[in-house]
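The primary structure of each chain is shown beneath.
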Amino acid sequence: MRWHPTCWVILLGLLAALLPLVSVAHTPLRLEVNPDHPAANDGSLHTAAQPFATIRAALAWAHNHGDRPVEIYIHNGTYREALGTLENHRTPLRLVAQTPDRVRLRGSMQWPDWQWVSTNGAIQVYRHPWQQRWGAAGNPWTAYNIQLPALAQRGEMVWLAGAPLRQRLALAELMGHDFYVDEAQGVVYVALPEGVDPAVLEVAIHREALRLLNSAHIALVGLRFEHYGGAFSQALRIEGSQDIEVHNCTFWGNNWGGLEMHNSDRIHIRQSRFLENGWRGMAAGGIRDLAVHDVLVSGNNWRGGWAGFYDWDAGEKYFHLRRATFDRYRAIANQAAGLWLDTDNQAVAIRRSQLIGNAVVGLFIEAGTGPVTVENSVIAYNYAVAPNYLQTPGVFGWAAQAVTLRNNWIIENEGAQIGVRDPYPRRITLPDTGESVTITSKDWRLENNYIGAQQQLLLTTLRGHPFLETLTLGHNQWWSDRPQPFHLEGTPLSWQAWQQQYGSASDRFRSIE
């Protein structure tokens, strides 16, 4: 059978007509959010001339029409929204700020109708109805004999001019620049200096900005997450998801956490900032292929600091990572650890990073088979508060196996520059295989590092015989003005004694005069 030339013409015409449709199906549909536009609404028909009024409505529309990629372009402004949970979304979706850091997702409100209560000197007390009734979160760690202070269990938050008011647990404790929530009466009280209008206060009313659950191919670009309240909550939570990108975002001033990730694959966090959150900036558990690039984590755990709680769960903690990279990761001046690899982290690389001026340990590597590699980084001036019973130093290993420190500056940390302390072996179950393993600190390699401090120890161990017996050293530069800068198993050692027992001929030592 031969086709007539006319049939070929018709077929080619049909294909030509269908090709634009195929192309359109793969071109992202652009939605706009611009509440300042006179035609903005959250109805069903939307163009650039008729944008959405809220991000939540645009996100819901994109999810309900998930047959093609969507980009939600968000105009600059403050969006006092909780976006809810995006669940089972698998089509590519991007939320993009018009200008990075100028789209503010804010979990707080400003109230114009505060009621004056009293004057005490130069302090004015005001009140306002309180409907959240979040209560105390409770202590999930009582089985571990951890005392979580009552103040750390609270989720209420009030901000004034970029700083949190201090929360009090009784009305009589108000002194100024603070607040108290009376849940029984449903009232929040604030105490402010004379002349400060309470209408400018930012009061947290939402616990979470967005949750990504069992979703994939989602990018958040240039967004700023602020003032989300609640305890054990976070502005952004990623759970059971894949191929998620957080690019050029800021997580600032949230009561508990900025970003938390669980049981997900291929998560990329880059050029983002985690600043002044009440508990921690970022944390994760059960992530495969985590990439963290050009990230600043600073000023976190002020709520824990209020209560004198600096460790255990506070700060930047990671569990069960598989293939993770922290490149140009800067943890500076947090009231907690700079970076805590806690329990079963494998194939972790930390490169070109700075862990400086944190309240406790700079880098804590705990209960993991590794390998963990730290290269070309600075770990310095940590441990300003020093509450930890293990006397954590700059780099602290507890049941940390297969650790390599290469080409780093580890200097002027309090307590010791490197400490390996195994009070007891750690037994963990690997979630990948169900295998139970016992881990001790061993198979460490120190190469080409600068390790030094004027008054502090260089290296200390507790029950560290496996570490010492398997330690590999090469071309490190050590310096100290202490006559015995090493402290091993309770015994102080000079440089000469260290070299005789454990040292390397290629290492060098300089005494600071």
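Definitions and cut-offs
- Residues numbered from 1 in each chain as written.
- Predicted model: local features only at pLDDT ≥ 70, side-chain atom pairs only at ≥ 80, totals over all residues.
- Heavy atoms only, no water.
- Helix = DSSP H or I, 4+ residues; strand = E, 2+ residues; numbered from the N terminus.
- Areas by Shrake-Rupley, 256 points an atom, 1.4 Å probe, with all protein chains shown as cover.
- Lys, Arg positive; Asp, Glu negative; His and termini not counted.
- Charge placed at Lys NZ, Arg CZ, Asp CG, Glu CD.
- Salt bridge = Lys/Arg side-chain N within 4 Å of Asp/Glu carboxyl O.
- Buried < 20%, exposed > 50% of the residue type's maximum accessible area, 1.4 Å probe, protein only.
- Pairing = 2+ DSSP bridges.
- 1 Å grid on protein atoms, 1.4 Å probe; cavity = no way out; pocket = protein on both sides within 12 Å on 5 of 7 lines; lining within 4 Å.
- Points joined across faces, edges and corners; volume = space filled by probe spheres on them.
- Axes fitted to C-alpha atoms, helices over the stretch in contact; angles between N-to-C directions.
- Contact = heavy atoms within 4.5 Å.
- Core = buried A, V, L, I, M, F, W, Y, C linked by side-chain atoms within 4.5 Å.
- Polar contact = N/O pair within 3.5 Å; in protein donor to acceptor, adjacent residues only side chain to side chain.

Visitor: Go over the overall build of the chain with me, naming the residues and quoting the values.
Guide: On a plain count of helices and strands, the chain comes out with five helices and 45 strands. Its C-alpha atoms put the chain at 90 × 90 × 45 Å along the principal axes. Summing over all exposed atoms, the chain offers an accessible surface of approximately 21,600 Å²; the carbon and sulfur share of this is 51%. Across the chain, the centroid of the 42 positively charged side chains sits 4 Å from that of the 47 negatively charged ones.

Visitor: Describe the pattern of salt bridges, naming the residues involved and giving the relevant values.
Guide: As a working rule, side chains carrying opposite charge can pair if their charged atoms are close by. All told, the structure shown has 31 salt bridges when counted by the stated rule. D243 serves as the salt-bridge partner of R266, at 2.7 Å between the closest nitrogen and oxygen. Taken together, the residues R266 in strand 22 (residues 257-275) and D243 in strand 20 (residues 242-247) connect sequence positions 23 residues apart. In this structure R266 comes out as partly exposed when scored by relative accessible area, which is 40%. Between D344 and R322 there is a salt bridge, with the nearest N and O atoms lying 2.7 Å from each other.

Visitor: A description of the sheet that holds strand 10 (residues 158-160) should follow, citing residues and the corresponding values.
Guide: Spatial ordering of the open sheet is given by 7-15-10-11, a layout of four strands whose pairing is antiparallel. Edge positions in the open sheet fall to strand 7 (108-109) and strand 11 (163-164), since each of these has one partner strand only. As judged from the two bridges shared by strand 10 and strand 15 (residues 202-204), these two strands associate in the antiparallel manner. Looking at strand 15, one finds that W159 is bridged to E202.

Visitor: Can you explain the layout of surface pockets? Please cite residues and give values.
Guide: The space that makes up the second largest pocket amounts to roughly 230 Å³. In this structure, the second largest pocket is lined by 17 residues; those nearest its centre are N263, G285, G286, F319 and H320. Among the elements of the structure, strand 22, strand 23 (280-298) and strand 24 (317-319) are those that each provide at least two residues to the lining of the second largest pocket. It is strand 23 that contributes the most residues to the lining of the second largest pocket, seven residues altogether.

Visitor: Just give me the short version of the sheet that holds strand 14 (residues 187-193), but keep the residues and values in it.
Guide: Pairing within the open sheet is mixed, and its five strands lie in the order 8-9-14-13-12. One side of each edge strand has no neighbouring strand; the edge strands of this open sheet are strand 8 (115-120) and strand 12 (166-168). Here the strands of the sheet are splayed against their neighbours by 25 degrees on average, with no regard to which way each runs. Of the strand pairs in this sheet, strand 12 and strand 13 (residues 178-182) are connected by three bridges, and their pairing is parallel. Pairing of R168 across the sheet is with Y180, part of strand 13.

Visitor: Which residues make up the environment of E276, and what are the values?
Guide: For E276, the location among the structural elements is in the loop between strand 22 and strand 23. Distance in space between the C-alpha atoms of E276 and A161 is 14 Å, their sequence separation being 115 residues. Discounting residues that sit within four places of it in the chain, E276 has contacts with W159, G162, W252, G253, N254, S298, G299, N300 and W302.

Visitor: Mind laying out the nonpolar core, listing which residues take part and the relevant values?
Guide: Within soluble globular proteins, side chains that are nonpolar generally end up buried alongside one another. Within the largest apolar cluster, 85 residues are counted, with the highest numbers of intra-cluster contacts made by I72, F326 and W444. Element by element, the count of residues in this core is highest for strand 23, at seven residues. Apart from residues lying up to four places away in sequence, W444 is in contact with V395, G397, A400, V403, L405, I418, V420, F467, T470, L471 and T472. Core analysis: the second largest hydrophobic core is formed by 16 residues, Y310, V361, F364 and F396 among them.

Visitor: Summarise the environment of H247; cite the residues concerned and give the values.
Guide: In this structure, H247 sits in strand 20. With relative accessibility at 16%, the residue H247 sits in the buried group. For the pair H247 and W478, spaced 231 residues apart in sequence, the C-alpha separation works out to 39 Å. If sequence neighbours within four positions are ignored, H247 has contacts with L220, V221, G222, R270, Q271 and S272. Only 2.7 Å separates the side chain of H247 from the side chain of Q271, close enough to count as a polar contact.

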